[in-house]
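Analysis of the macromolecular model
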Amino acid sequence: GENVEQHPSTLSVQEGDSAVIKCTYSDSASNYFPWYKQELGKGPQLIIDIRSNVGEKKDQRIAVTLNKTAKHFSLHITETQPEDSAVYFCAASFNTNAGKSTFGDGTTLTVKP
Amino acid sequence: DSGVTQTPKHLITATGQRVTLRCSPRSGDLSVYWYQQSLDQGLQFLIQYYNGEERAKGNILERFSAQQFPDLHSELNLSSLELGDSALYFCASSVGLSDSPLHFGNGTRLTVT
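About the cut-offs
Residues numbered from 1 in each chain as written. Chains lettered and ligands numbered in written order. Predicted model: local features only at pLDDT ≥ 70, side-chain atom pairs only at ≥ 80, totals over all residues. Heavy atoms only, no water. Helix = DSSP H or I, 4+ residues; strand = E, 2+ residues; numbered from the N terminus. Buried < 20%, exposed > 50% of the residue type's maximum accessible area, 1.4 Å probe, protein only. Polar contact = N/O pair within 3.5 Å; in protein donor to acceptor, adjacent residues only side chain to side chain. Contact = heavy atoms within 4.5 Å. Buried area = accessible area lost by both parts, 1.4 Å probe. Salt bridge = Lys/Arg side-chain N within 4 Å of Asp/Glu carboxyl O. Nonpolar A, V, L, I, M, F, W, Y, C, P; charged D, E, K, R; others polar. pLDDT = per-residue confidence, 0-100.

Residue and element names in this part refer to chain B. Relative to the elements of secondary structure, Gln48 occurs in strand 5 (residues 44-50). For Gln48, a relative accessible area of 0% translates into the label buried. At a separation of 3.4 Å, a polar atom in the side chain of Gln48 contacts the side chain of Tyr33.

Here is the structure:
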C-alpha cells in the first residue's frame, strides 16, 4: 500500500520567516495530495491540495509543489504568523473504487512572535 | 465549521466495556471515514464507507466495527476496550471516493481507565 513520509517532525521559525514541510510517497498511482492543518482540540482542516496534473498551486501565503518523477511534494508558508502555529499533515491518495488517504506523521510548526 | 458532527465529544469508560461513537457527515457527502489519533501520533485510517457500503479497511482491530446507515450517518463500535484504545477518534466525510478533500469532525476523545 501507499506509504507517506513527512519531514521535519517539528519546525520552529520566527514570525515573518518562511516554513517548508516536505513529504514523499511511494505509490506512483497516487494522484491527489492534500495538506491539512490541525489546531489544538480540533479536527484537521484542508488548507490546500494539488492534483498530479499540476506542478504548483498557490493560495495567498501558502503554496504546494509536486514533483511526480521524484514522488515528493512540499508545503511552503511565507510571511509566517503566530496563528500559523499548528500541526500540519500531508496526505496522498488515488482514485479507485475503494480508497483512502494515507497521511504523513505530521509536522508541529511553531511560529515565534 | 466543517459540517461534520461527532458525538460524544468525550467518553470515559472502563476496560472491557463497549462504546459507540456517532458521526453525521457533511450534507451531500456520501463517503465517511474513521481515523484514530493516539497521543503524539499521526492519523491512522480505520475504515471507509461509501453510500452505505464498506469500501476500504485499514488497521482496524477485530474488536472494532462500523456501519453507515441509509441516512448516511455512521457509527463506530469499540468493544472489549483496552487501555491502549484511549485515543482521539475522528470521522471525516467527502463527496466522492479517495481523491476528494476530507472534511473532519472535531473528534471524540476516548479515555479507557
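Contacts between the two partners involve 23 residues from chain A, matched on the other side by 19 residues from chain B. Overall, the association of chain A and chain B removes approximately 1800 Å² of surface from exposure, summing both partners, and the carbon and sulfur fraction of that is 53%. Counting across the interface, chain A meets chain B through 0 salt bridges. For the side of chain A that touches chain B, the elements supplying multiple residues, two or more each, are strand 4 (32-38) and strand 5 (45-51) of chain A. A per-class count over the side of chain A that touches chain B returns 8 nonpolar, 10 polar and 5 charged.

Right, let's get into the confidence of the model for chain A. In the predicted model, chain A carries a mean pLDDT of 92, and the fraction of residues at 70 or more is 96%. Within chain A, the element-level pLDDT minimum falls on strand 10 (residues 102-103) of chain A, averaging 90, and the maximum on strand 2 (residues 10-14) of chain A, averaging 98.

All names here are of chain A. Within the element layout of this structure, Phe73 appears in strand 8 (residues 72-77). The class for Phe73 is buried, based on a relative accessible area of 0%. Sequence separation of Phe73 and Cys90 is 17 residues, and the distance between their C-alpha atoms is 8.7 Å. Excluding residues within four positions of it along the chain, Phe73 makes contact with Ile21, Lys22, Cys23, Tyr25, Phe33, Trp35, Thr65, Leu66, Cys90 and Ala91.

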